[in-house]
Amino acid sequence: MEPLIDSNHDKNKNPGWIIPPPKEPAKSKEEFKKEREEKVKWLINQGFLRSERIKDAMLKVPREEFIPSLYRDYAYLEVPLPLPGEKATISCPHSYPLFYEHLGLDKSHKFLEVGLGSGYGTALAREIVGHDGLVVSIEIDPLTYEFARKNLENLGYRDIILVKGDGGLGYPDMLSYDRICITAACTEIPPPLIEQLRIGGRLIAPVIEHGVQNLVLLEKSEKCIIRKVICEVLYIPLRGKYRVSEE
Ligand SMILES: C[S@@+](CC[C@H](N)C(=O)[O-])C[C@H]1O[C@@H](n2cnc3c(N)ncnc32)[C@H](O)[C@@H]1O
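Below you will find a few notes about this structure. (Residues numbered from 1 in each chain as written. Predicted model: local features only at pLDDT ≥ 70, side-chain atom pairs only at ≥ 80, totals over all residues.)

1. Description of the environment of Phe 111
What counts here: Here a strand is any run of E in DSSP of at least two residues, a helix any run of H or I of at least four, and the numbering for each starts at the N terminus. Remark: C-beta atoms are placed from the backbone, and a residue is labelled buried if 20 or more other C-beta atoms sit within 10 Å of its own, exposed if 12 or fewer do, or partly exposed between those counts. In this description, a residue-residue contact is defined by the distance between C-beta atoms placed from the backbone, which must lie within 7 Å.
By the element assignment, Phe 111 lies in strand 3 (residues 110-114). Residue classification places Phe 111 among the buried positions, given that 25 C-beta atoms sit within 10 Å. Separated by 47 residues in sequence, Phe 111 and Arg 158 place their C-alpha atoms 16 Å apart. Residues within four places of Phe 111 in sequence aside, it is in contact with Leu 105, Ala 125, Val 129, Gly 133, Leu 134, Val 135, Tyr 177, Asp 178 and Arg 179.

Written as structure tokens, this is what we have:
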């Protein structure tokens, strides 16, 4: 599998991806469904998508419903698309199986997401963990939070815990988490998140090191934390207490 540079670059500062121009949406539900099915086949062929639960979730969740209308027709292109809020983007399609397959996200997991964005990754996670699991997602930007909340509500996702605030602090009310995913780049993985991960749990995050962003997977054991670098990625910076400094 070729490591791809992910789409979540800082669109105000680092135009690493070409965002298509805004336009009135014209595609039908059927066209989107066909594109979704083709995208899933492509993700399998590229080696990003392997497990049945993640595949079923990606076939079920209509990604176009999480995208502002002027960008909706581009829903299944491998590009980041802008969301309401400061620098927020919906990640390109391959990044979800990239994160969730490495996390081993599965039925019954208690999952914490830092960076709700559009709510698309949250809906996928909800489908994957099922009704025996739990999804908590935190968003720092009030505009982005509201956008995602409405998207999830419109599609009937009412059993997800959505939190407006700094995800770097985690969400101690629902301790402890089987899996944690950070969808913004950090220079250090916020220590509260490592604390809130259960023994045997996994955390995935884009980490800035030596001038690049590496997708890093942590596995917490009784005695130590095992760390693995998956590939290079490109995400918008984390805000809040553990924000990336601008220098
Ligand atoms: C790449 S986007 C997330 C994409 C999202 N997974 C989706 O499916 O649309 C990263 C998000 O992280 C949010 N963010 C940045 N710092 C944060 C923090 N400290 N706590 C919570 N959210 C944060 C940004 O506002 C942005 O919405």
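From this point, the narrative continues.
2. Remarks on helix 5 (residues 142-154)
Note the following rule: What a helix should span is 1.5 Å times the count of its residues minus one. Our arc is simply the arc of the directions from the helix axis toward the C-beta atoms.
With 13 residues, helix 5 should reach 18 Å at 1.5 Å per residue; the first-to-last C-alpha distance of 18 Å fits that figure. Of the residues making up helix 5, those classed as buried are Thr 144, Tyr 145, Phe 147, Ala 148, Asn 151 and Leu 152. Taken around the axis of helix 5, the buried residues stretch over an arc of 165 degrees, which confines them to a single face. Exposed residues on helix 5 whose side chains face more than 90 degrees from its buried face are Lys 150 and Asn 154. Buried-residue contacts for helix 5 involve helix 4 (120-129), strand 4 (134-139) and strand 5 (161-164). A positive phi of about 85 degrees marks Gly 156, the residue just after helix 5.

3. Describing helix 1 (residues 29-45)
If you check helix 1, its first and last C-alpha atoms are 24 Å apart, about what 17 residues at 1.5 Å a residue would give, namely 24 Å. Taken as a whole, helix 1 has its buried residues at Lys 39, Val 40 and Leu 43. On an axial view of helix 1, the arc spanned by its buried residues comes to 100 degrees, and they lie on one face. Facing away from the buried side of helix 1 by more than 90 degrees, the exposed set consists of Glu 30, Glu 38, Lys 41 and Asn 45. The secondary structure elements touched by the buried residues of helix 1 are helix 2 (52-60) and helix 3 (95-103). Residue Gly 47 follows helix 1 closely and has a positive phi angle near 90 degrees.

4. Comments concerning the site of the ligand
Stated formally: Throughout this description, a residue near a molecule or strand is one whose C-beta atom, derived from the backbone, lies within 6 Å of it. Note on residue classes: Ala, Val, Leu, Ile, Met, Phe, Trp, Tyr, Cys and Pro are nonpolar, Asp, Glu, Lys and Arg are charged, and everything else, Gly too, is polar.
Taken together, 27 residues surround the ligand, and among them Gly 115, Gly 117, Ser 118, Gly 167 and Gly 240 come closest. Contributions of two or more residues to the shell around the ligand are made by strand 2 (89-90), helix 4 and strand 4. For the shell around the ligand, the class distribution of residues is 10 nonpolar, 13 polar and four charged.

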